[in-house]
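Coordinate analysis (summary)
Below, each chain spelled out in residue letters.
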Amino acid sequence: MSSGSYFPPPVRAVEIAKAHGPGTRMLGVPTVADRVAQTVVARELEARVEPIFHPDSYGYRPRRSALDAVAACRRRCWQTNWVIDLDIRKFFDSVPWELVVTAVEANTDLPWVVLYVKRWLQAPLVLPDGSLQVRDRGTPQGSAVSPVIANLFLHYAFDAWMVGTFPGVSFERYVDDAVVHCVSQAQAHQVLAALQARMREVGLELHPDKTRVVYCKDSNRRGSHEHTSFTFLGFTFRARKARNRHGRNFASFLPAISKDAPEQVSRTVRSWRLHRQTGHSLAGLARAINPVVRG
């Protein structure tokens, strides 16, 4: 690879159903050898960029998880009254290559790392009918190098920009899924307008129907507003009944499993067809199922 003589083959395109809502999502499945090569570059890049990443970036990073992001979001929803629920439209299909390469070049002095990032970005997709689809932007989901590339791009496009433009505004980001906390409705609309302009500047777009300003209403907050709940990483945040240390009930803004997540859990459990696994011991079934249950 360091000689520059490796050329990645085309990526196989596989359509999967979206977890939430109608439609499909396109995954790019590389060959086994190409996945090994991507992992080499991903580890090299990760070692260099991990120290500069923002502490509130949680996606695909060592010793960080989606639950860490949810916990931070839960705590900040008690401290501020408003959030911006951000949704970047087709991020992995739209990210511009030239800005990705610029970000990579700024964080490595190894020419072969930049060379292979360019080649993987430009690798065509093999569609189910066998035809090749040439792309001019985006990075396929499913590759080993896409997570670190996506995080590096959004570090400059979102994290560092937020710190420089709105230093007092906190947020949590899990790759392209983010929540921004604001102290007032006016500030929320100001930050949202600036974010819309920023996304256009870096070649992206906020989804007009899925990006919303949400009021974090609980017992201490009054008023009627259009949006009083949002979903982040499979958890729906809204006013829920809670009990204080004196045993009294009150309304608190809390997360719980979203309405779509139980349906997905049920589909997964049904796919195991446990009633037909009569030839397996309980210990064997537990070994197979427990990793999924923990996740």
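For the structure itself, look to the data block above.
This section reports on the structure supplied with the text. (Residues numbered from 1 in each chain as written. Predicted model: local features only at pLDDT ≥ 70, side-chain atom pairs only at ≥ 80, totals over all residues. Heavy atoms only, no water.)

1. A few points about the sheet that holds strand E9 (residues 230-232)
Applied cut-off: Should DSSP find at least two bridges between two strands, the strands are taken to pair. Secondary structure is summarised from DSSP: a helix means a run of H or I of at least four residues, a strand means a run of E of at least two, and numbering begins at the N terminus for each. Convention adopted: a line fitted to C-alpha atoms gives each axis, helices being fitted over their contacting stretch, and angles between N-to-C directions are expressed from 0 to 180 degrees. Note on contacts: a residue pair qualifies if any of its non-hydrogen atoms lie within 4.5 Å across the two residues.
Taken together, 3 strands build an open sheet; the order of strands is E9-E10-E11 and the sheet is antiparallel. The outermost strands of the open sheet, each flanked by one partner alone, are E9 and strand E11 (249-257). The average undirected angle you get between the axes of adjacent strands in this sheet is 50 degrees. The pairing of E9 with strand E10 (residues 235-243) spans 3 bridges and is antiparallel. Within the sheet, the bridge partner assigned to Phe230 lies in E10 and is Phe237. Against the sheet, helix H2 (residues 66-79) contacts E9, E10 and E11, and its axis sits at roughly 155 degrees relative to E11.

2. As for unusual backbone geometry
Put simply, the test is: Partly exposed residues are those whose accessible area sits between 20% and 50% of the maximum for their type, while under 20% is buried and over 50% is exposed, using a 1.4 Å probe and protein chains only.
A positive phi angle is found at Tyr60, which is not glycine, with a value near 55 degrees. Note that Tyr60 resides in the loop between helix H1 (32-49) and H2. With phi around 50 degrees, Arg273 is a residue other than glycine that occupies positive phi space. Counting through the fold element by element, Arg273 comes out in the loop between helix H8 (261-271) and helix H9 (282-294). Taking relative accessible area as the criterion, Arg273 reaches 41% and is therefore assigned partly exposed.

3. So, the sheet that holds strand E2 (residues 24-29)
A sheet is described by the order of its strands in space; here 4 strands give the open sequence E2-E1-E4-E5, paired in mixed fashion. Two strands bound the open sheet, and with one partner strand each, they are E2 and strand E5 (132-133). Pairing between strand E1 (residues 11-17) and E2: 6 bridges, direction antiparallel. The partner of Ile16 across the bridge, within E2, is Arg25.

4. Let's talk about a nonpolar patch on the surface
Test applied: To count toward a patch, a residue needs a relative accessible area over 30% and no salt bridge; like charges are then connected within 9 Å, while nonpolar side chains (Val, Leu, Ile, Met, Phe, Trp, Tyr) are connected within 5 Å. Note on areas: Shrake-Rupley with a 1.4 Å probe; residue coverage comes only from the protein chains shown. Think of a salt bridge as a Lys or Arg side-chain nitrogen and an Asp or Glu carboxyl oxygen that are within 4 Å of each other.
A cluster of nonpolar residues, Ile257, Val265, Val269 and Leu274, forms a patch on the protein surface that exposes about 320 Å² of accessible area. Checked against the element boundaries, Val269 lands in helix H8.

5. Quick notes on the nonpolar core
Note the following rule: Definition used in this section: a nonpolar core is a set of buried Ala, Val, Leu, Ile, Met, Phe, Trp, Tyr and Cys residues joined via side-chain atoms within 4.5 Å.
Counting residues in hydrophobic clusters, the biggest one holds 69 residues, and the most contacted among them are Met162, Val180 and Phe230. With 10 residues, the top contributor of residues to this core is helix H6 (residues 146-165).

6. Remarks on the packing of helix H4 (residues 97-105) against helix H5 (residues 111-122)
How two helices sit against one another is set out by the angle between their axes and by the gap between those axes. Put simply, the rule reads: Orientation labels follow simple angle bins: below 35 degrees gives roughly parallel, above 145 gives roughly antiparallel, 65 to 115 gives roughly perpendicular, and whatever is left gives oblique. Each crossing gets its handedness from the near helix: less than a right angle anticlockwise from the far helix is left-handed, clockwise is right-handed.
Put simply, H4 and H5 touch, their axes get as near as 10 Å, and they point 160 degrees apart. Here H4 is positioned roughly antiparallel relative to H5, judged by the angle of their axes. In this structure, H4 crosses over H5, and the sense of that crossing is right-handed. Here Trp97, Val100, Val101, Val104 and Glu105 of H4 come into contact with H5, specifically with Val113, Val114, Val117, Lys118, Leu121 and Gln122.

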